[in-house]
Amino acid sequence: MTATTTETATGNLVLDAIRTHTDAENPSSFLALNSGNSTFTVPGADGVVVYRRTGRWAVQFGGPFAAGPDYATLLEGFRGYVRDEGLSLVGIQIQRSDAERYAAAGFTVNQVGASWAVGLPEFTLRGTKFMQLRNKISRAHRNGLTIKEVDAADVQDAIATIDQAWLGSKGGAQQLEFLVGQIGGPAQEHRRLFVGTIDGAPVAYISYSPVYGSRAGWMHDLSRRIPEGSPGLMEAINAHAIEVFRAEGVQWLHFGFTPFTGLDASHELDGHSPGFQWLMHALWAEGAALYPAQTQLSYKQKWAPDVLIPEYVVFDGPQASLPGFAHVFRACNAF
């Protein structure tokens, strides 16, 4: 079987695949268009595999975005390609339907976290459970917050200012990649960007990416704020975006993937690694230095999500691999 790979994802090929092949219901599928991704295809097969190479590992994003009859061809083709290259394979943000196919193919599959979604048609901030959230939003507006949906090309300097301040507050942390959205580039025309200013100065933004499938809508993706800014900035921008989306008839707002959250034994598949399962629970409890999962989940739970979507990591072989899992974070530029 002949296979091809490219170092930069071909935008139209990947976009067509994630729009067309939505059976996995991957709410983060638009991240497949991030610059720096590689693609794998098989001639004559309808679909694509998206991945990044880090060291001696190929880190796959999601399962194959492929037509049903070609799914196994892409999965086994990529598996063979990785082995021929002398690499090891780990996959991240694998959805449940994908996970079952990977487990049947001999992969070790474990839940690694979850993503979350809110149904918008009936959503309201009224009621006592949203009292604290309303108070934070009101405080931001009292402090002069103005929110606008903008073209990213028109606010490059504002975005750079916010990013610089945000990264500086993290001790000079690197800009995360791969499993985090981007602003700019050829795919920007498909995203939406809301920016908050106070007295004309940029203080926060949220970028939203499209979601396809039965829960189509938008995903609350990349978000940043000035560290010393008013409380409630992100909440106010998201509440504003929700009202825009609701007026447009959008059905779902997704909050994206957070590792180590939503873990439950009922989500695990037969053949999972008990040791890796224990590690995920330990990282939820004590792993803030690796990833602030509890802080991220706290923000998402403010919006009372209706749906928890378990997500999985897969390892090609009979056991989980800690080096493989570490290379997921390496692909994200986390270290």
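Everything that follows concerns the structure shown earlier in this document.
Quick summary incoming for the structure in this document. It should be emphasised that the depicted structure is a prediction, and the values quoted were computed from it without experimental measurement.

Details of the side chain of Gln-93
Here's step 1: Note on placement: Gln-93 falls in strand S5 (residues 88-94).
Here's step 2: For Gln-93, the contacting residues outside a window of four places in its chain are Asn-26, Ser-28, Leu-31, Phe-61, Gly-62, Leu-179, Phe-257, Glu-311 and Tyr-312.

Observations concerning helix H8 (residues 293-301)
Here's step 1: For H8, the full list of buried residues reads Ala-293, Leu-297, Tyr-299 and Lys-300. Seen along its axis, H8 keeps its buried residues to an arc of 155°; they face one direction.

Regarding helix H7 (residues 274-286)
Here's step 1: In this model, H7 (13 residues) spans 18 Å end to end at C-alpha, consistent with the 18 Å of a helix rising 1.5 Å per residue.
Here's step 2: Burial in H7 covers these residues: Phe-276, Gln-277, Leu-279, Met-280 and Leu-283. Each buried residue of H7 lies within a common arc of 160° when the element is viewed along its axis, so the set occupies one face. Facing away from the buried side of H7 by over 90 degrees, the exposed positions are Pro-274, Trp-278 and Glu-286.
Here's step 3: Close packing links the buried residues of H7 with strand S6 (108-119), strand S12 (307-315) and helix H9 (322-331).

Here we look at the pairing of strand S3 (residues 47-54)
Here's step 1: S3 sits mainly inside the fold: 7 of its 8 residues count as buried.
Here's step 2: Pairing of strand S2 (residues 38-41) with S3, which is carried by 3 bridges, proceeds in the antiparallel orientation. Each residue of the ladder has a partner; that of Ser-38, found in S3, is Tyr-51.
Here's step 3: Between S2 and S3, which pair antiparallel one after the other, the connecting turn spans 5 residues, and Gly-44 there sits at a positive phi close to 90°.
Here's step 4: Note that S3 and strand S4 (residues 57-66) share 7 bridges and pair antiparallel. The residue bridging Tyr-51 from the neighbouring strand is Gln-60, located in S4.
Here's step 5: Once S3 ends, the chain turns through 2 residues before running back antiparallel as S4, passing Gly-55 with a positive phi of about 60°.

Cut-offs used in this document
Residues numbered from 1 in each chain as written. Predicted model: local features only at pLDDT ≥ 70, side-chain atom pairs only at ≥ 80, totals over all residues. Heavy atoms only, no water. Helix = DSSP H or I, 4+ residues; strand = E, 2+ residues; numbered from the N terminus. Contact = heavy atoms within 4.5 Å. Buried < 20%, exposed > 50% of the residue type's maximum accessible area, 1.4 Å probe, protein only. Arc of directions from axis to C-beta. Expected span 1.5 Å × (residues − 1). Pairing = 2+ DSSP bridges.

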